[in-house]
Amino acid sequence: MKDLIYLTYSEIKTKLNDGSLKSTDLVSAYIKRIETADSKVKAFLEFNKEQILKQATESDERRKSGKLFSEFDGIPIGIKDNICITGQITSCSSRILENFRSPYDASVIQKLKDKGFVLFPRLNMDEFAMGSSTENSAFQTTRNPFDTNRIPGGSSGGSAAAVAASMLPVSLGSDTGGSIRQPAALCGIWGLKPTYGRVSRYGLIAYASSLDQIGPFSNDLQGISDLMEIISGLDHKDQTTAKVAAFEANSVSSIDWKGKRIGVMKSEDFSFSPDVNKRYAEILKTLESKGATLVPLDFSLLKYAIPVYYLIATAECSSNLSRFDGIRYGLRKDGAGKLEDLYSESRTAGFGPEVKRRILLGTFSLSSGYYDAYYGKAQKARVLIRKQYAEFFKKVDIIFQPTSPTTAFKVGEKTKDPIQMYQADILTTSVNLAGVPAISCPAGLDSTGLPIGLQITSSHFDESKLLSYAKSVSELEVCKLTLPTEIA
Amino acid sequence: MDEKELKNIAHLAKLNIEDKEVSSMLNDFSRIVQYVDEIKNLDTTSVGDDEIYEQIFYELRKDLAENALKRDDLAKIAPAYENGYVVVPKVIET
């Protein structure tokens, strides 16, 4: 029999419901895996064995007595350390929130608890979700399960690595500029950024409120569809959630490629690593052979996406993170009795270098004399990017791009140069600026055995179409890959 | 961007910059500003001021009383708690 930890999400769901698998047995297998593999991967900041097993035992008892919460009862799920769970520490991988315990559940957590999921907090991340490699965590650097000398991507690196290392079947992350899709791509798993407004942000510690969305990671596509149905929907605790028709997982079905108009990048715009270029070209060729029509799109406006993203995201972060003042939350320095010094000493000691850089850039672009040239200009540029996507979707059904310009890079390779690190998000940030949904699908391995990701983007609130295309991609031979069993 | 300007921004952001950090921060910051300066090449004159507000789907919630956080639960997570109050440093200077 296949070791329990290598079951896909779908297999787990089936086995739990046909009575051939107990949640406690599954959870015990994952705990054993975490105890051996996580010393190398370092995905977990903390995990409480007793608390996790207690949830699994309760689920098995519910199942035994016929009082199941749902068909998902007993399924384990990992939680990124910026999503609040009552009574648990939620640190955002930052010293400033090292000891902060949440007094309430995020709306997504409440929904998972209502369905009987077994929660596995706390997965490592770049501090306050600011980064593309999980090297900006104040506590530890998460490693890529395919090669532990390499980064897992970021900022939701812990959530991605835990699934890729078979320590969990599914997890939740958050995506502000690519923080779900890029680590999903670099770790060879599925990761979805929903349409802005699909999923409640209540209880997600804010980085950039107009861009942040919570979304799922999974070792198969069914996990993405199911979690999307569970966590999405109008929430009166988050006024930016949209009143739109609910997403239903059973609306996802394979598509016939024939006659589909697929928006693609022009070959002269392929400025990615040779292996990524090659795989992207192979996928497009396969789709064409199946009858799809490739429509090259002009992505030239999107070269502004990273500057626009950094101006808008940092402006919002400088405002959002002003609440961390040493008075109400976390770390406090005494400031020798002076209030102003208490603020600045607490913040200086509590935030890491990248968070400080972004707060400074945001403060700068919002400051008198620079506002119009930077923040105001970036807001207008964002409108153009949003309109660009609307134009694209008049011409095509869907857009296919690589998720990341390279496969996983080495730990330390880009930490000295913030701009080089920002470039890792070149294909993902424009999606957040436009608010549209996008998924990263596994797209096979490169010549050195590292995963490649394919990003599919659809129009607003069209997750059914997006995931239907993703389902068809999952059936392509060229996109198949196997997650590593040995972690080295 | 010079040292004086950087320190002013840091003051507004309530962050301290040590003297030994100034040159590397100035260097990083200048490069980042130079990088984002690229947006100046983009013509945005076609975008009206009112267009920056995205299409919204707001729905107001009903004005109903709901259970709020319980005082005892808050007491358990507060760093310091006395006689029904969360203890914080003095924030009014005289």
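Residues numbered from 1 in each chain as written. Chains lettered and ligands numbered in written order. Predicted model: local features only at pLDDT ≥ 70, side-chain atom pairs only at ≥ 80, totals over all residues. Heavy atoms only, no water.

Participant: Let's hear about the UniProt feature "active site" (unreviewed entry) in chain A: which residues, and what values?
Facilitator: All names here are of chain A. Here, the residues flagged by UniProt with the feature "active site" (unreviewed entry) are Lys80, Ser155 and Ser179. A maximum C-alpha distance of 11.2 Å places the annotated residues, which cover 100 residues in sequence, within one compact spot. Structurally, Ser155 can be placed in the loop between β2 (118-123) and α5 (157-164). For Ser179, the location among the structural elements is in the loop between β3 (170-175) and α6 (181-187). If near-sequence neighbours (up to four positions away) are discounted, Ser179 is found in contact with Lys80, Ala129, Gly131, Gly154, Ser155, Ser156, Ser174 and Phe217. Only 2.8 Å separates the side chain of Ser179 from the side chain of Ser155, close enough to count as a polar contact. (UniProt positions renumbered as here; feature names shortened; annotations may be inferred. Helix = DSSP H or I, 4+ residues; strand = E, 2+ residues; numbered from the N terminus. Contact = heavy atoms within 4.5 Å. Polar contact = N/O pair within 3.5 Å; in protein donor to acceptor, adjacent residues only side chain to side chain.)

Participant: Explain the side chain of Ser472 of chain A to me, using residue names and the numbers behind them.
Facilitator: All names here are of chain A. Residue placement: Ser472 occurs in helix α15 (residues 463-474). Within the structure, the side chain of Ser472 is placed 2.8 Å from the backbone nitrogen of Ile255, a separation counted as a polar contact. Leave out the neighbours within four places in its chain, and Ser472 touches Ser254, Ile255 and Trp257.

Participant: Give me the lowdown on the packing of helix α11 (residues 353-366) of chain A against helix α2 (residues 22-36) of chain B, citing residues and values where you can.
Facilitator: It is the contact of α11 of chain A with α2 of chain B, at a shortest axis distance of 11 Å, that shows an interaxial angle of 55°. What the angle tells us is that α11 of chain A and α2 of chain B run oblique. Like other packed secondary-structure pairs, α11 of chain A and α2 of chain B cross with a definite hand, here right-handed. Taking contact as the criterion, the partners of Arg357, Leu360, Leu361 and Phe364 of chain A in α11 of chain A are, on α2 of chain B, Met25, Asp28, Phe29, Ile32 and Val33 of chain B. Counted by class, the contact of α11 of chain A with α2 of chain B contains 7 nonpolar, no polar and 2 charged residues. (Axes fitted to C-alpha atoms, helices over the stretch in contact; angles between N-to-C directions. Parallel < 35°, antiparallel > 145°, perpendicular 65-115°, else oblique. Left-handed = near helix turned anticlockwise from the far one by under 90°. Nonpolar A, V, L, I, M, F, W, Y, C, P; charged D, E, K, R; others polar.)

Participant: Please give an account of the packing of helix α9 (residues 305-320) of chain A against α11 of chain A that cites residues and values.
Facilitator: All names here are of chain A. For the pair α9 and α11, interaxial distance at closest approach is 7 Å and the crossing angle is 95°. Put simply, α9 runs roughly perpendicular to α11. For the pair formed by α9 and α11, the contact residues are Tyr309, Tyr310, Leu311, Thr314, Ala315, Cys317 and Ser318 on the first element and Arg358, Ile359, Leu361, Gly362, Thr363, Ser365 and Leu366 on the second. Grouping the amino acids of the contact of α9 with α11 by side-chain chemistry returns 8 nonpolar, 5 polar and 1 charged.

Participant: Summarise the pattern of salt bridges; cite the residues concerned and give the values.
Facilitator: Applying the stated criterion across every chain yields a total of 29 salt bridges over all chains. Here Lys278 of chain A makes a salt bridge to Glu282 of chain A, at a shortest N to O gap of 3.8 Å. Separated by 4 residues within a single helix, Lys278 of chain A and Glu282 of chain A lie in helix α8 (residues 274-289), roughly one turn from each other. The partner of Lys40 of chain B in a salt bridge is Asp37 of chain B, with the nearest N and O atoms 3.1 Å apart. (Salt bridge = Lys/Arg side-chain N within 4 Å of Asp/Glu carboxyl O.)

Participant: Break down the environment of Ala443 of chain A for me, citing the residues and quoting the values.
Facilitator: Residues and elements named next belong to chain A. Here Ala443 shows up in strand β9 (residues 438-445). Taking the C-alpha atoms as reference points, Ala443 and Glu463, separated by 20 residues in sequence, lie 20 Å from one another. Setting aside its immediate chain neighbours within four residues, Ala443 contacts Arg279, Ile283, Ile452, Gly453, Leu454, Val478, Cys479 and Leu481.

Participant: An account of the UniProt feature "domain: Amidase" (unreviewed entry) in chain A is needed here, citing residue identities and associated values.
Facilitator: According to UniProt, the "domain: Amidase" (unreviewed entry) feature falls on residues 25-467 of chain A. Along residues 25-467 of chain A, the helical share is 37% and the strand share 13%, with 31 Å between the first and last C-alpha atoms.

Participant: How would you explain the interface of chain B and chain A if you had to name every residue and give the values?
Facilitator: On the side of chain A, 61 residues touch chain B, which itself brings 49 residues to the contact. Counting the surface lost from both chain B and chain A, the interface buries some 5,200 Å², and carbon and sulfur atoms represent 67% of this. For the pair chain B and chain A, the number of links is 5 salt bridges. A salt bridge links Asp417 of chain A to Arg31 of chain B; the nearest nitrogen and oxygen atoms lie 3.1 Å apart. Linking chain B with chain A are 18 residue pairs in polar contact (both at pLDDT 80 or more). (Buried area = accessible area lost by both parts, 1.4 Å probe.)

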